[in-house]
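Close look at the chain arrangement
In case you want the letters, here they are:
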Amino acid sequence: MSMLSEKLPQGMQDAIQPEENAPGRAAEAVLLVVALALGFGGLAMVGYSLEDRLPDGFWTEVLVLSALSLTAHIVLRIRAPYADQVILPAVMLLNTMSLAMITRLEMAGMRGADAGRHLMWTSLSIAVACVLLLVLRDHRVLRKYTYTVMVAALVLVILPLIPKLGQEINGAKIWINVAGFSLQPAEFAKILFAVFFAGYLVANRDTLALAGKKVLGLQLPRLRDLGPILVVWAVSLMVLVGQKDLGTSLLFFGLFVGMLYLATERGGWVAIGMSMFVVGAFVAWTIFSHVQARVEIWLNPLDPELIEREFGGSYQIVQGMFGMAFGGMFGAGWGEGYSSRIPFAFSDMIYAAFGEELGLTGLLAILLVYLAIVQRGLRAAIGVRDGFGKLLAGGLAFVMALQLFVVVGGITRVIPLTGLTLPFMAQGGSSLLANWIVIALLLRISDAARRPSALPTRGQLATPPMNSGPSTDGAIEVGPGASTADRAAARQSMPSPSDEVTQMHVPIRNDGGDQA
Amino acid sequence: MNTTLRRLSTVVMAMFLVLMVSTTWIQFVQAGELNDNGRNVRKIYRDLGAARGPIVVGEDNVVVSVPIDDAYGRQRVYADGSEDLAKLYAPITGFFAVNGNTAGLERSANDYLSGRADSLWLDQLQNLLTGQEAEGSSVDTTIDPKIQQAAWDALGNYTGAAVALDPRTGAILAMVSKPSYDPNSLAVHSSGEVNETYQGLANTKPQINTDDGSEQFSPYSVLTNRAIDATYPPGSTFKVFTSAAAIESGDFTPDSEVPSPNGYELTNTGTTINNFGGYDCVAGKTKITLADAMRTSCNSSYLWLGGQIGKEGMTDMFKAFRFDESLEVPMGTVAGSYPGLDNTNPDSVDRIELSGMGQGDVKLTPLQVAMMSATVANGGTEMKPYLIKSIRDSELEVVEKTNPSTLANPISSSTADALTGMMIGVVENGSGQNAQIPGVSVAGKTGTAENGGHRQPTLWFTGFAPTDDPQVAIAVVLENGGNSTVDTASGTLAAPIAKKILEAAIG
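Residues numbered from 1 in each chain as written. Chains lettered and ligands numbered in written order. Predicted model: local features only at pLDDT ≥ 70, side-chain atom pairs only at ≥ 80, totals over all residues. Heavy atoms only, no water.

**Examining the overall build of chain B**
In terms of helices and strands, chain B carries 16 helices and 19 strands. Residues classed as buried in chain B amount to 57% of the 507 residues present. Relative to all contacts within chain B whose residues are 6 or more apart in sequence, the contacts with residues 24 or more apart total 68%. Element-wise, carbon and sulfur atoms account for 48% of the exposed surface of chain B, whose accessible area totals about 19900 Å². (Helix = DSSP H or I, 4+ residues; strand = E, 2+ residues; numbered from the N terminus. Buried < 20%, exposed > 50% of the residue type's maximum accessible area, 1.4 Å probe, protein only. Contact = heavy atoms within 4.5 Å. Areas by Shrake-Rupley, 256 points an atom, 1.4 Å probe, with all protein chains shown as cover.)

**What about the overall build of chain A?**
A count of helical and extended segments in chain A gives 19 helices and 5 strands. For chain A, with 516 residues in total, the buried portion stands at 57%. Partitioning the intrachain contacts of chain A with sequence separation of at least 6 by distance along the chain shows that 74% fall at a separation of at least 24. By element, 64% of the accessible surface of chain A is carried by carbon and sulfur atoms, the whole surface being about 20700 Å².

**Topic: the interface of chain A and chain B**
Across the contact, 56 residues belong to chain A and 32 residues belong to chain B. Our enumeration of links across chain A and chain B arrives at 1 salt bridge. Between the two partners, chain A and chain B, sit 13 residue pairs in polar contact (both at pLDDT 80 or more). Only α9 (246-264), α12 (304-308), α13 (315-327), α14 (350-383) and α15 (387-411) of chain A provide two or more residues apiece to the side of chain A that touches chain B. (Salt bridge = Lys/Arg side-chain N within 4 Å of Asp/Glu carboxyl O. Polar contact = N/O pair within 3.5 Å; in protein donor to acceptor, adjacent residues only side chain to side chain.)

**Let's talk about helix α7 (residues 185-210) of chain A**
Residues and elements named next belong to chain A. The terminal C-alpha atoms of α7, which comprises 26 residues, lie 35 Å apart, in line with the 38 Å expected from a rise of 1.5 Å per residue. Most pronounced at N204, the bend in α7 amounts to some 65°. Burial within α7 is extensive, with 21 of its 26 residues counted as buried. (Expected span 1.5 Å × (residues − 1). Bend = angle between axes of the 7 residues up to and from the residue.)

**So, the sheet that holds strand β18 (residues 458-465) of chain B**
Residue and element names in this part refer to chain B. Strand order in the open sheet formed by 5 strands is β6-β5-β19-β18-β17, and the pairing between neighbours is antiparallel. The sheet is open, and its two borders are formed by β6 (172-178) and β17 (443-449), each paired with just one other strand. The mean angle between the axes of side-by-side strands here comes to 5°, regardless of whether they run parallel or antiparallel. With 7 bridges joining them, β18 and strand β19 (residues 472-478) adopt antiparallel strand pairing. Paired with G463 across the two strands is I474, which belongs to β19. Across the sheet, helix α8 (residues 145-155) touches β5 (160-165), β6 and β19, and the angle it forms with β6 is around 30°. (Pairing = 2+ DSSP bridges. Axes fitted to C-alpha atoms, helices over the stretch in contact; angles between N-to-C directions.)

**Describing the nonpolar core**
Within the largest apolar cluster, 158 residues are counted, with the highest numbers of intra-cluster contacts made by A:F193, A:F354, A:W436 and A:I439. With sequence-adjacent residues up to four places away left out, A:F354 is seen in contact with A:M97, A:S98, A:M101, A:W334, A:G359, A:L363, A:I366 and A:M425. B:V98, B:L105, B:A246 and B:I474 belong to the second largest nonpolar core, which has 136 residues in total. (Core = buried A, V, L, I, M, F, W, Y, C linked by side-chain atoms within 4.5 Å.)

**Some remarks on the pattern of salt bridges**
All names here are of chain A. Scanning the entire structure with this criterion turns up 21 salt bridges over all chains. Where D138 meets R140, a salt bridge forms, and the shortest distance between an N and an O atom there is 2.8 Å. Of the two residues, D138 and R140, both sit in the buried class. Among the salt bridges present, the one from K190 reaches E187, with a minimum N-O distance of 3.0 Å. Of the two residues, K190 and E187 both sit in helix α7, 3 residues apart, roughly one turn of that helix. Classification of K190 as buried rests on a relative accessible area of 1%. Each member of the salt-bridge network shares a partner with another, and the members are E51, R53 and D56.

**Some words on the environment of B:E59**
Examined against the element boundaries, B:E59 turns out to sit in the loop between β1 (55-57) and β2 (60-67). In the structure, B:E59 is positioned 82 residues away from B:T141 in sequence and 10.0 Å away in space, judged by C-alpha atoms.

**Section: the confidence of the model for chain A**
Looking at chain A, the pLDDT average stands at 80 and 79% of residues meet or exceed 70. Overall, residues 461-483 of chain A carries pLDDT values under 50, and its contacts beyond four positions in sequence, including any with other chains, amount to 41 contacts. (pLDDT = per-residue confidence, 0-100.)

**Quick notes on the packing of α15(A) against helix α16 (residues 429-450) of chain A**
All names here are of chain A. Relative to each other, α15 and α16 sit at 145°, their axes nearing to 10 Å. Pair α15 / α16 crosses with left-handed handedness. Here α15 contributes G389, L392, A393, L396, A397, M400 and Q403 to the contact with α16, which in turn contributes N435, V438, I439, L441, L442 and I445. Considering only residue class, the contact of α15 with α16 consists of 10 nonpolar, 3 polar and no charged. (Left-handed = near helix turned anticlockwise from the far one by under 90°. Nonpolar A, V, L, I, M, F, W, Y, C, P; charged D, E, K, R; others polar.)

**A word on a nonpolar patch on the surface**
On the surface, a cluster of nonpolar side chains totalling about 480 Å² of accessible area is made up of A:V279, A:F282, A:V283, A:W285 and A:I287. Note that A:V283 resides in helix α10 (residues 267-287). (Patch = residues over 30% accessible without salt bridge, like charges linked within 9 Å, V, L, I, M, F, W, Y side chains within 5 Å.)

**Some points on the packing of aromatic side chains**
This model, assessed by the stated rule, comprises 24 aromatic pairs over all chains. On the numbers, 4.3 Å between centres and 15° between planes, the contact of B:F238 with B:F241 is stacked. Placement of the pair is B:F238 and B:F241 together in helix α10 (residues 238-248), with a separation of 3 residues, close to one helical turn. Each of the two residues, B:F238 as well as B:F241, counts as buried. Within the aromatic cluster, the residues linked to one another by ring pairs are A:Y147, A:F193, A:F196, A:F197, A:Y200, A:F252, A:F253 and A:F256. Over the face of the ring belonging to B:F96 we find B:R52, whose NZ or CZ atom lies 3.9 Å from the ring centre. The aromatic ring of B:W152 is capped on one face by B:K178, whose charged end is 4.3 Å from the ring centroid. (Phe/Tyr/Trp six-rings, centres within 6.5 Å; stacked < 30°, edge-to-face > 60°. Lys NZ or Arg CZ within 6 Å of the ring centre and 35° of its normal.)

**Here's the deal with the sheet that holds strand β4 (residues 138-141) of chain B**
Residue and element names in this part refer to chain B. Strand order in this open sheet of 6 strands is β3-β2-β1-β4-β14-β15, and the pairing throughout is mixed. The two strands at the open ends of the sheet, each matched to only one other strand, are β3 (74-78) and β15 (398-401). Direction aside, the axes of adjacent strands within the sheet are offset by 25° on average. Across 2 bridges, the pairing between β1 and β4 is parallel. Bridge assignment links I55 to a residue of β4, and that residue is V139. Along the sheet, helix α4 (residues 83-93) makes contact with β1, β2, β3 and β4, crossing β2 at roughly 85°.

**Topic: unusual backbone geometry**
Here the bond from B:V329 into B:P330 is cis, since omega is 10°, no more than 30 degrees from zero. Residues B:A465 and B:P466 are joined by a peptide bond in cis, for which omega reads -20°. If you trace the backbone, B:P466 turns up in the loop between β18 and β19. The phi angle at A:F344 is positive, at roughly 55°, despite the residue not being glycine. The phi dihedral of B:A79 is positive, around 50°, even though this residue is not glycine. Relative to the elements of secondary structure, B:A79 occurs in the loop between β3 and α4. For B:A79, a relative accessible area of 7% translates into the label buried.

**Some points on the packing of α14(A) against α16(A)**
All names here are of chain A. At a closest axis distance of 8 Å, the pairing of α14 and α16 adopts a crossing angle of 45°. Judged by the angle between their axes, α14 and α16 are oblique. The hand of the α14/α16 crossing is left-handed. Where α14 abuts α16, its residues I373, R376, G377, A380 and G383 lie against I439, L442, I445, S446, A449 and R450. Residues of the contact of α14 with α16, tallied by class, amount to 6 nonpolar, 3 polar and 2 charged. (Parallel < 35°, antiparallel > 145°, perpendicular 65-115°, else oblique.)

**Here's the deal with the pairing of β4(B)**
Residues and elements named next belong to chain B. Across the two faces of β4 the burial is the same, with S138 and D140 and V139 and T141 all buried. Note that β4 and strand β14 (residues 388-392) share 4 bridges and pair antiparallel. Following the sheet pairing, T141 is matched in β14 by I388.

**Observations regarding the pairing of β14(B)**
Summarising burial for β14(B): 4 of the 5 residues are buried, a large majority. Hairpin connection from β14(B) to β15(B): 5 residues lie between these consecutive antiparallel strands, with B:L396 at a positive phi of about 70°.

**Describing the environment of B:V476**
Here B:V476 shows up in strand β19. For B:V476, the residues in contact, after removing those within four places along its chain, are B:L155, B:A161, B:A162, B:L459, B:W460, B:F461, B:I497, B:A498 and B:I501.

Here it is in structure tokens:
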């Protein structure tokens, strides 16, 4: 909710110029300090617990992260002053805590844990997010590139299958090797897919929802409208089969089904989509031995034969369970557990490592922080006025929730364990960078959602130019090519997000498929 | 789209709820089970690294944790690293290995040693408030180092065990198992080395004597505490038990006459069991008193008695002594076995008759045999054996003390008195004369149990002293210690060992 629209009674004098009264984002600043204090506190405790001193590079990390937080905060103040104030501190909290955990694992001599590298990627990711916020002034620009983005996403997904470029790690072919770095293209592809779906669905949702035949009471889309969607479905199946990665496949497919539902409001399609995935997964289970192994260790992880199996056994998940059980209600404390015994405790299994050191209390807190980020993202989707923005923000928030569900659900045995990473916590450059880009986009959209428009005056209310189109979302389309005067006019006539009644009476331009 | 967004928001909430429940399930509901899982080494890591309390024998800390500079932070040291002393106490202390194997008090008193027992809550609360590192408690044992050492020395190179109890309280004064092992070799901080050593010890089974020179090995490794974890046929020591059942039935007194033929044919089998050495029990007599039957360890009389008391009477007495149960001293002891009692061993009349002389599928641990003597010594009241005298917290304050408790009352005091008289006869004028101590009245019973398969017999002695004011009850077993060249082997070999232990306890 905009502060301004709350403070000032409706219809007061002339239109208000929001820029002159941009909020100071004091709440965000305070929360950032709290988040950093928690993270640095953890880092210090790790050092004292393991070696009775501050960990190496403690002050570097403090300095770098504080500087980055300050930078991000200032960038937001300048370029997205109305953006949600909780998202950045929440993400910062998760990121600094993961730095403390990875430092702890590295101090315990765990191979592969590299706090320095994690800090480097964190810095790069935040920098990229800031640049994105500076460059991308309006998220609607992205809509222009709907099909370019689709092609790019497909290329990214296919990359790991190219010989020499693709790398198979732990049975899954989801990495590519670029200049000595292992990257997971799927992490970036999920953003591109969200952009593509948003652009495609906002243009075609009416045809999709209404133009088809009715079968058994269920409205089916026409086949020609379904083309791009089928392409994506094929891609997600290909990921499952070719790259042996159930998690990524589930992520893409869930994203697609979720956004299709958002756009078309057809619950039946969700059911169809989910059954299609179940069928695909079942077929994969009957055909592929590695999928069968995953299911087997999901059902009976404590089976001694499965624990001892050298490849594809349940050792990893069982160690995670042992670690979490050891943590119990309140955890062993920072640096006090044996989390370095959990395989991949710094990446795929970092959730279990937190469970061991911070206990159930810590994990529930972490889940709540994630929930806050996701709900703020959905909140931005509800608040923003254009259909593309709604779909994009909704999709990005949902894909983060879905990724969390797949990762944490895998570790806590709700679903079979897959190779996805915990956003902002797991060590790994692609995941960090991609998720910070998601955050930048959500912040950008939430800024648009919460930016107060000029309040209509009495005179405007008296003469409503009623030319609203079929779209109920009432977005004001300002294309990138629009003149400055157009933009100003659009801003003047933007409805207040807090007042839906007002929304009905302001001039609305059709948001139909004019760009599709 | 706002409607669908709100619905999606609800779906997201539900997804998070599932994750919260599943996380709680593992960390709270399932946690105990997972922590106790045999493959979970976290507990061991924590317990090894913690300031684990000492195990105290007499005035000495025989097991301590000393700080060292490695990943664990502390090293467990047994008997100051002295191999001989560490072996002496190994059946009591056990060991605490990095690979997850534990034994003895290190295992069964772990909650105290690691400072996590519920009775230490005040200590725990203090540590929580002051931020001090939790310290384990010290476990004071009932072992008397003098008796323990005497029993160890007296057993010499035999494979076997010795147990000494205070019959009035049940306190275990000595518990020796031979051959033993050095727990220090299992306390090293290298899983690989520990695994190798452990496997080596677990496979080291002492060779046993045979009458045809064939190479045979004990079923028990050196890691087995033969005093409580091994069962043997009690042989003639079980005649105390059979006599107890006979007298308790009301049909017999020590003066009752029982048949004593030289050779007794087991009912419905055609198999004849001879008396020891093939002699009349009392020369020229085919009927002798029960007391004489005990004194001379007369097989034929007890085979007959076993049949007379019958399966029900024998089984009832076995249960009355709680020999069919496993006890916690606090180490878990193995239960004894009797034909047909919770097992599939045949329980026909001939098997019951055989059990009358402690053969044929009746098996007891040395601790149980000692408890039998202790019950007689204590006027028929069987005390619960225990090894922990008290628990002291890190400030050396006693937080828990074991109060002696009655385990059972299997026989009346008059039966106990009668048995005492009969057992005195064994030592004064029977098969156990080698256990006589000048100036002290000793009650006892020898035992020579056949094992079959060319294995030499298992030799026993059990008894107590002084008879007017019993201070100690013992059992000595020499596993297949018999030697065909020596007659009345248990009297010759086991009784002198028992004598030395009794002397150490009384002297």
